[in-house]
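Each chain, letter by letter, is given below.
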Amino acid sequence: MSETSKSLNFIEQIIEEDLEKDYSQSNLRFRFPPEPNGYLHIGHASSICLNFGLGLRYKAPVNLRFDDTNPAKEEQEFVDAIKKDVSWLGFNWDTERYASDYFQQLYDWAVLLIKDGKAYVDSQSSEEMAEQKGTPTEPGVNSPYRNRSVEENLSLFEAMKKGEFKEGSHVLRAKIDMASTNMLMRDPIMYRVLHRAHHRTNTDWCIYPMYDWTHGESDYIEQVSHSLCTLEFLPHRELYDWFLDQVVDPKKLRPKQREFARRNLSHTVVSKRKLAQLVEQKVVKGWDDPRMPTISGLRRRGYTPDAIRNFADTIGIAKRDNLIDVSLLEFHVREDLNKITPRVMGVLDPLKVVITNYPEGKEEWLEAENSPEDESLGSRQVPFSGELYIEKADFKEQANKKFFRLKLGGEVRLKNGYIIKAESCTKDTDGNIIEVQCTYDPKSKSGSGTPESLRRVKGTLHWVSTKHAVPAEIRLYDRLFTHESPDTQKDKDFMEFINPNSLEVITGYLEPSLKDAKAGERFQFQRIGYFCVDRETAPEKLIFNKTVGLRDSWAKIQQKG
RNA sequence: UGGCCCAUGGUGUAAUGGUAACACUCCGGUUUUUGGUACCGUCAUUCUAGGUUCGAGUCCUAGUGGGCCAACCA
């Protein structure tokens with residue numbers, strides 16, 4: 001119902017128009033075509049949501065196709081990681097394909113092009129070819145090998161395939177137009193010699209097809225109706241169509257390439273090459289470092305598939321340059337985590353509180369609601385005693401009325417517990433407050449229904465009983481880059497903008513219910529933020545990642561003074 | 001001394017020739033045993049100049065600004 005009121009993006013409009021003209025819905029087919037040379041990032045997530053979203057919308061199959069035409073860069077590890085990420089996002093592909101499945105067909109078609117006088121073997125160096133290519137403002141000149149006979153081309157190409165030549169000695173080129181205003185049409189390379197083992201075809205081949213020769217033909221083989229890619233491929237479209245013209249059977253569906261703007265996220269880089277650099281130079285600990293904008297990094301950070309999909313839906317798809325503020329991504333993860341995470345208490349920067357009128361040695365277990373957003377999450381018991389931790393930032397000797405927290409002579413409620421009053425505090429020799437002495441109102445227990453418990457005090461603090469507290473390693477993350485757009489600054493390398501303080505590791509003190517928390521589990525630490533258990537956690541040493549903080553209006557009040 | 005793409009609040013998207021809409025951010029407020037959540041409110045002469053039209057964010061022309069194109073990468 002609500003679907004009908006939602007406006008279409010320009011890709012959907014193109015499809016709707018095609019459906020009105022010469023396509024039926026059963027012709028529709030899409031594909032997500034990553035090269036397995038790295039891990040997927042948030043930009044890919046957008047493309048995944050676009051293609052698979054279209055599949056869902058039109059009940060059309062979507063292939064997962066690995067564009068594996070360059071064995072120098074590709075690895076099985078990346079294939080596995082990509083499959084895991086797409087699945088984790090919640091999408092199911094129709095069939096798993098590889099461009100390498102089509103190497104023989106591509107080769108046969110190339111032979112046809114040669115026989116047709118549309119392709120030739122060039123035996124120059126890449127430098128010589130680059131010189132002849134011209135510039136965007138000057139036409140290129142023809143290769144001296146451009147008019148080799150069909151017979152010579154055929155035998156040379158076969159010799160290339162058989163491994164008789166060294167890398168760089170010969171290439172197969174399409175014979176198009178060295179004067180085209182489109183640089184890509186100036187006799188583009190179709191095949192190069194590469195004596196490399198491929199992660200799937202091993203050493204079966206020593207010539208490998210280039211992207212342009214492979215992609216459109218693969219779409220055609222799979223009968224993909226709409227081949228969607230980013231805007232930097234727009235100049236490739238003319239070549240995509242030219243290659244298709246050489247092989248298409250008019251009775252079969254002819255794929256269309258259409259382009260959309262890649263999504264850029266502020267304060268990070270969205271480029272596999274640059275992300276690989278961060279990994280190689282050990283700026284981060286790996287592709288799934290929680291600071292990385294990779295899908296695996298976001299997953300480890302505690303992001304949910306729903307958060308990422310909602311984000312992708314919200315930012316939409318268009319053709320103009322963009323820089324999406326990370327705050328929008330953070331909004332979506334908070335929105336989802338607020339609904340699904342149980343609330344717990346943990347103190348990250350502890351200050352000891354002693355309740356002087358609490359019976360010596362006594363402890364009691366208080367009932368605590370797991371989520372105000374979801375009653376079905378039930379409740380748990382939290383231990384209370386006469387010695388607790390609260391956050392250092394939650395106590396001041398003196399403060400104005402804007403400070404809703406604990407101050408000398410002031411009262412505050414301990415969440416799920418009692419109202420306490422600060423009576424005095426002690427300091428170390430440097431003047432740092434190391435302990436606060438309080439009294440509590442025994443009749444003010446949360447949920448007891450007494451008049452005292454119904455009293456309204458300004459602030460509510462989270463806390464942990466010192467005796468029961470579980471220490472845990474807490475990893476706090478900040479933006480990886482200090483600049484909102486680190487890789488678009490003229491004369492500056494993006495590496496210059498790396499935030500040196502993007503990771504802070506501290507020890508936090510958690511309520512004991514967290515003792516058995518398992519890797520991947522997510523929680524809201526009340527009044528602080530959302531956290532998830534890292535995969536490196538162990539029973540004797542819990543490790544939590546901070547996903548994102550709660551919105552903090554107190555921080556804003558403080559900033560303003 | 002070229003070709004192509006793009007231009008709507010701080011950000012991202014919508015309006016399909018007919019009242020500039022939605023979300024985020026920011027700012028202000030209500031509720032609250034999380035300074036969270038929820039809810040309410042403020043924030044735009046649609047890059048500029050011409051033109052077509054009863055009517056232009058939308059169509060046309062020019063300008064301005066931004067982006068892409070010269071890897072045996074994808």
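As shown above, the structure is provided for reference.
No experiment lies behind these values; they were computed from the predicted model shown. (Residues numbered from 1 in each chain as written. Chains lettered and ligands numbered in written order. Predicted model: local features only at pLDDT ≥ 70, side-chain atom pairs only at ≥ 80, totals over all residues. Heavy atoms only, no water.)

Time to look at the packing of aromatic side chains. A complete count under the given rule lists 25 aromatic pairs for this structure. Relative to tryptophan 287, the ring of tyrosine 39 has its centre 5.3 Å away and its plane inclined at 15 degrees; by these criteria the two rings are stacked. With tyrosine 39 in the loop between strand E1 (30-32) and helix H3 (42-57) and tryptophan 287 in the loop between helix H10 (272-280) and helix H11 (295-301), this pair connects stretches of sequence that are 248 residues apart. Three or more aromatic residues link up through ring pairs in this structure, and these residues are Phe103, Tyr107, Phe157, Tyr191, Trp205 and Tyr208. Sitting above the plane of the tyrosine 107 ring, lysine 161 keeps its charged end 5.0 Å from the centroid. For the cation-ring pair, lysine 252 lies above tyrosine 220, with the distance from its terminal atom to the ring centre recorded as 5.4 Å. (Phe/Tyr/Trp six-rings, centres within 6.5 Å; stacked < 30°, edge-to-face > 60°. Helix = DSSP H or I, 4+ residues; strand = E, 2+ residues; numbered from the N terminus. Lys NZ or Arg CZ within 6 Å of the ring centre and 35° of its normal.)

A separate point is the packing of helix H5 (residues 103-115) against helix H7 (residues 150-162). Between two packed helices, both the angle of their axes relative to each other and the distance between the axes serve to describe the pair. At their nearest, the axes of H5 and H7 sit 9 Å apart, and the two run at 160 degrees to each other. Regarding the angle of H5 to H7, the classification is roughly antiparallel. Crossing angle aside, the handedness with which H5 passes H7 is right-handed. Between H5 and H7, the residues in contact are Tyr107, Ala110, Val111, Ile114 and Lys115 and Val150, Asn153, Leu154, Phe157, Glu158 and Lys161, respectively. Among the residues forming the contact of H5 with H7, the class breakdown is seven nonpolar, one polar and three charged. (Axes fitted to C-alpha atoms, helices over the stretch in contact; angles between N-to-C directions. Parallel < 35°, antiparallel > 145°, perpendicular 65-115°, else oblique. Left-handed = near helix turned anticlockwise from the far one by under 90°. Contact = heavy atoms within 4.5 Å. Nonpolar A, V, L, I, M, F, W, Y, C, P; charged D, E, K, R; others polar.)

This part takes up the sheet that holds strand E24 (residues 503-510). The sheet built from seven strands is open, its strands ordered E10-E25-E26-E27-E23-E24-E11 with mixed pairing. For this open sheet the edge positions go to strand E10 (343-344) and strand E11 (346-347), each flanked by a neighbour on one side alone. Here eight bridges tie strand E23 (residues 470-477) to E24, and the two strands are oriented antiparallel to one another. The residue of E24 that forms the bridge with isoleucine 474 is isoleucine 506. Docked against the sheet, helix H13 (residues 326-340) engages E10, strand E25 (522-525), strand E26 (529-533) and strand E27 (543-549), running at close to 115 degrees with respect to E27. (Pairing = 2+ DSSP bridges.)

Across the sheet, four strands lie side by side as E4-E5-E6-E7; this open sheet has antiparallel pairing. Two strands bound the open sheet, and with one partner strand each, they are strand E4 (119-122) and strand E7 (207-209). Taken pair by pair, the neighbouring strands of this sheet meet at an average axis angle of 20 degrees, ignoring direction. Two strands pair when backbone bridges link them, and strand E6 (residues 189-193) and E7 are joined in this way by three bridges, in the antiparallel orientation. By the bridge assignment for E7, valine 193 is matched with isoleucine 207. Here H5 sits on the sheet and contacts E4, strand E5 (171-174), E6 and E7; the angle it forms with E6, its principal contact strand, is near 115 degrees.

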